[in-house]
Amino acid sequence: TDESRLSSVFCEESQKVMDVQSFALAARYYSLSNLGLCTPLEELLEALRGDHQERNGIKTDEFMNNKKSHEVQVMSELVDSIASYYGIKQVIDIGSGKGYLSSFLSMRYNLKVYGIDSSNSNTHGAHERNRKLKKHWRAYESRARANLKSQKLEEVNDRPVQTEIKCESNTDEKPLNNNSDLQSQFRVTTQDSGVFTEIATPETSKQTEINLAAQTQSDEDKLSGNILDILNVLPADAVDIFTSSRRDCEELCEEEKTRRKMASLQAKASKSSESNLYFPLTSYITAETELSDIITDLEDSIMVGLHTCGDLAPNTLRIFTAKPEIKAVCSVGCCYHLLSEQYENQEVTPVVFPFADGTEEVWGFPMCQYLKDEGWCCGRNARMSACLALERVAVGQMLPTESLFYRAVLQVIIEENYGVTKSDQHVGKIFSKSSSFVDYVRKSLKKLDLDDAKLSDRCIMDYYEKYKDRMNELEAFNMLKVVLAPCIEVLILLDRLCYLKEQDNIAWSGLVKLFDPVKSPRCYAVIALKKQSCS
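Residues numbered from 1 in each chain as written. Predicted model: local features only at pLDDT ≥ 70, side-chain atom pairs only at ≥ 80, totals over all residues. Heavy atoms only, no water.

The chain has the name MET25 protein in an unreviewed UniProt entry, where Nothoprocta ornata is given as its organism.

Summarise the overall build of the chain; cite the residues concerned and give the values.
When its secondary structure is counted, the chain shows 18 helices and nine strands. For the chain, with 535 residues in total, the buried portion stands at 41%. Looking at the chain alone, contacts between residues at least 24 apart form 74% of all its contacts between residues at least 6 apart. When the accessible surface of the chain is split by element, carbon and sulfur atoms take 50% of a total near 30500 Å². (Helix = DSSP H or I, 4+ residues; strand = E, 2+ residues; numbered from the N terminus. Buried < 20%, exposed > 50% of the residue type's maximum accessible area, 1.4 Å probe, protein only. Contact = heavy atoms within 4.5 Å. Areas by Shrake-Rupley, 256 points an atom, 1.4 Å probe, with all protein chains shown as cover.)

A description of the side chain of Ser 22 should follow, citing residues and the corresponding values.
Mapped onto the secondary structure, Ser 22 falls in helix 2 (residues 20-29). The class of Ser 22 is buried, set by a relative accessible area of 17%. If we skip the residues at most four places from it in the chain, Ser 22 touches Ser 8 and Val 9.

Residue-level account of the packing of helix 5 (residues 66-86) against helix 6 (residues 100-109), with values.
Their axes nearest at 10 Å, the elements helix 5 and helix 6 cross at an angle of 55°. With respect to their mutual orientation, helix 5 and helix 6 come out oblique. Between helix 5 and helix 6 lies a crossing of right-handed hand. Across the interface between the two elements, Lys 68, Val 72, Met 75, Ser 76, Glu 77, Val 79 and Asp 80 of helix 5 pack against Tyr 100, Leu 101, Phe 104, Leu 105 and Tyr 109 of helix 6. Partitioned by chemical class, the residues of the contact of helix 5 with helix 6 number eight nonpolar, one polar and three charged. (Axes fitted to C-alpha atoms, helices over the stretch in contact; angles between N-to-C directions. Parallel < 35°, antiparallel > 145°, perpendicular 65-115°, else oblique. Left-handed = near helix turned anticlockwise from the far one by under 90°. Nonpolar A, V, L, I, M, F, W, Y, C, P; charged D, E, K, R; others polar.)

Before we move on, can you summarise the pattern of salt bridges with the specific residues and values?
Within the structure shown, the criterion is met by 14 salt bridges. The residue Glu 71 makes a salt bridge to Lys 68 at a minimum N-O spacing of 3.6 Å. Taken as a pair, Glu 71 and Lys 68 lie in helix 5 at a separation of three residues, close to a single helical turn. The class of Glu 71 is buried, set by a relative accessible area of 0%. Across the pair Asp 462 and Arg 458 runs a salt bridge whose closest N-O atoms are separated by 3.1 Å. Separated by four residues within a single helix, Asp 462 and Arg 458 lie in helix 17 (residues 457-467), roughly one turn from each other. When salt bridges that share partners are traced, they join Lys 67, Lys 68 and Glu 71 into one network. (Salt bridge = Lys/Arg side-chain N within 4 Å of Asp/Glu carboxyl O.)

Please give an account of the environment of Ile 492 that cites residues and values.
Tracing the backbone shows Ile 492 in helix 18 (residues 471-501). Dropping the residues within four chain positions of it, Ile 492 is found in contact with Tyr 336, Leu 339, Phe 365 and Ala 386.

Report on the layout of surface pockets, specifying residues and quantitative values.
In this structure, the second largest pocket spans a volume of roughly 2400 Å³. Lining the second largest pocket are 50 residues, and of these Arg 380, Met 384, Leu 404, Arg 407 and His 426 lie nearest its centre. Counting only elements with at least two residues in the lining of the second largest pocket, the list comes to helix 13 (380-386), helix 14 (390-394), helix 15 (401-418) and helix 18. Looking at the lining of the second largest pocket, the element that brings in the most residues is helix 15, giving eight residues. Among the residues forming the lining of the second largest pocket, the class breakdown is 25 nonpolar, 15 polar and ten charged. Formed jointly, the lining of the second largest pocket draws a minimum of three residues from each of two domains, domain 1 (23-137 + 275-394 + 485-530) and domain 2 (397-479). (1 Å grid on protein atoms, 1.4 Å probe; cavity = no way out; pocket = protein on both sides within 12 Å on 5 of 7 lines; lining within 4 Å. Points joined across faces, edges and corners; volume = space filled by probe spheres on them. Domains from an automatic or database assignment.)

Please provide a residue-by-residue account of the sheet that holds strand 5 (residues 278-282), values included.
Sheet architecture is open: seven strands sit in the order 5-2-1-6-7-9-8, paired in mixed fashion. The open sheet terminates on both sides in strands that have one partner only, identified here as strand 5 and strand 8 (506-513). Shown here is a sheet whose adjacent strand axes are inclined to one another by a mean of 15°, direction ignored. Here strand 1 (residues 90-94) pairs with strand 2 (residues 112-117) via five bridges, running parallel. Opposite Ile 92, over in strand 2, you have Tyr 114 as the bridge partner. Sitting on the sheet, helix 5 is in contact with strand 1, strand 6 (301-309), strand 7 (326-334) and strand 9 (524-530), with an inclination near 160° to strand 6. Where helix 18 meets the sheet, it contacts strand 7, strand 8 and strand 9, and its direction lies at approximately 165° from that of strand 8. (Pairing = 2+ DSSP bridges.)

Requested: an account of a nonpolar patch on the surface, with residues and values cited.
A surface patch of nonpolar side chains, amounting to about 230 Å² of accessible area, comprises Tyr 29, Leu 35 and Leu 37. Topologically, Leu 35 is positioned in helix 3 (residues 32-35). (Patch = residues over 30% accessible without salt bridge, like charges linked within 9 Å, V, L, I, M, F, W, Y side chains within 5 Å.)

Break down the nonpolar core for me, citing the residues and quoting the values.
The biggest cluster of nonpolar side chains holds 70 residues, and the ones touching the most others in it are Met 75, Leu 78, Ile 82 and Leu 514. Broken down by element, the residue count for this core peaks at eight residues, all from helix 5. (Core = buried A, V, L, I, M, F, W, Y, C linked by side-chain atoms within 4.5 Å.)

Could you give an account of the packing of aromatic side chains, with specific residues and numbers?
Counted according to the given criterion, the structure contains eleven aromatic pairs. Ring plane angle 80° and centroid distance 5.7 Å describe the contact between Phe 405 and Tyr 464, whose orientation is recorded as edge-to-face. With a gap of 59 residues between them, Phe 405 in helix 15 and Tyr 464 in helix 17 connect regions that are remote in the sequence. Judged by its relative accessible area of 3%, Phe 405 falls in the buried class. Its relative accessible area of 19% is what places Tyr 464 among the buried residues. Taking the centre distance of 5.3 Å and the plane angle of 45° together, the rings of Phe 437 and Tyr 464 count as tilted. Taken as a pair, Phe 437 in helix 16 (residues 437-447) and Tyr 464 in helix 17 lie far apart in primary sequence, 27 residues in all. In terms of burial, Phe 437 and Tyr 464 fall into one category: buried. Taken together through their ring pairs, the aromatic side chains of Phe 405, Tyr 406, Phe 431, Phe 437, Tyr 440 and Tyr 464 make up a single cluster. Above the ring of Tyr 418, the side-chain terminus of Lys 454 is found at 4.9 Å from the ring centroid. A cation over a ring is seen here: Lys 530 above Phe 320, with NZ or CZ 4.9 Å from the ring centre. (Phe/Tyr/Trp six-rings, centres within 6.5 Å; stacked < 30°, edge-to-face > 60°. Lys NZ or Arg CZ within 6 Å of the ring centre and 35° of its normal.)

See the structure below:
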C-alpha cells in the first residue's frame, strides 16, 4: 500500500529520510512515467488522423536550435492533426515569444496563427525572426534545386537503359497522381523475364537524354510550385519575391501555359484575401481575457501554448473551457515556481472571497475542486524542485553545485548581518557574471538594496571558508530534490487534468509526453478536445 511504501522512507517523529534507496524507489513509483496515466503520442495521432498519413516535413534545425527544433516539429504535427480532425484553420498561440511555433504552423501547415505575447520585445523578435527566415529560405531553395538535379543525374547513371518507351497518353495507363513522386512525362518500362536488361543503342541513349531534360524541367516546375505555395503563407516581409530562370513563354505548350496562368491567379487570389497567415500580437492574457477584443475575426480555433510560464498555463485551460470558439487545447507549461498558490500563506481552512461582481480570484494552483476542498499547497520550494530535470542529471548533466553553494552561503550572510529572513526580491543570474565569491556577494547585496560596505572582503571569505567543507552535503541534498521533482510535477499536471475532467463540454482530455525529456525537460502536454455539436 501507499502507507507501507512510505513508512520505511521517513521517520514518523522527525519526518527525516531514513532510507535513501527507499526514498528513490518511492519517488520513482509516483512519477508520471510509472503511473501509466499518459496517452502515447502515437496512439493519439493515429486516432486523429484515421487513414491519413503524416506529411513530409521541412527541416527546422537550420534556423532553430536543436531543442526548439525538436519541440516545434513535434508539437506542430500534433496541432495540425487536431486542426484536420475538426476541420478548422485558426490557431491561437498563447505566450508565443519570438514566434517559432507560430511561424512554422503557418508556413508548413498553412494554418492561420495568432501569436499573442505580453512582451513588446518578443513581438518585435518575431518580426526579426522572419527576417532571418528570409535568408534561410533563399538558401534552402538553392540547395533544393541543386540536390534535385544531382539526384536525377545519379538516378540516370545508375539506371539501366530502357528498351521500351510508352507514351503517357496510352489509354492503358492511369493518369498521374498529384501526390505521387515526381515523374517525367514519359513512362519507361523494360523487363525481360523479370530482370531489367541493358541494351545500349544510339536511339535509346538519345531518348534518355531527352527524357532527362524533360523530367528535370518538370521537377523544377513542381519544386517552384511547392515553394510558391509556401511563400504565399509567409508574412509579407518574410521572403523576397521568388524568381527563377525559365524557358521563354513561346516554348511552353498551351496546356502548360494554362496551368501556370491558373496557378498564378490562384496565388494572387490567395494573397489578396489573406496575405499574412501569421499575426504577432502584444497583449497580457488572464483567465478573464476576451479573445474577441484581441482577434477581430475570431472563429473556431485551437489554443496552444509551448512552455507557457507560471499562471499562463492554467489560464490557457480556463480560457479554453470558457470560450465556445476554442475547440481544442494543447498546453505545455513551465516555470512552476512562478505559479500563484491559493493556500500558500494560509494555515486555516481555506475561505474563498468573491469579488464584487461575483467572480472569484483566480490562482495558478490548485485548479481542480478536490485539491481546493483539501486546501492543498505545494509551497515555493517544492515548486522550484519541480522545475529540476531528472533525466538530464541521469545522463550526466550535473547540477550547478557551486552556484547553489554561493546562493546558500549568501543567505546565511544576509540573515546574520542584515536581519533579513524573507524577501520578495531575487538575486537572479549573478553567478555567471561574477569573478569570485566576494564579487558575487557584493553584486547580490547591491541588487537587493543592501549596503555591501558593511562587510569587508575578509569577512565575506570567512563565511566561504566556514561552509566550503559542506558543499558535498549541499550536492547530496539537491540530488534528493532532483529525485523528488517528478512527483511534484505529477501533482501539478494531474491537478490541471482533473480540472478538465470536471468540465461537461469536453469529449476527451489527457496527458501526453510530447518531447524527449533530455532535450526538453518540461515534456508533458495537457490536451483536451471539446464535444462536436451536431449540425
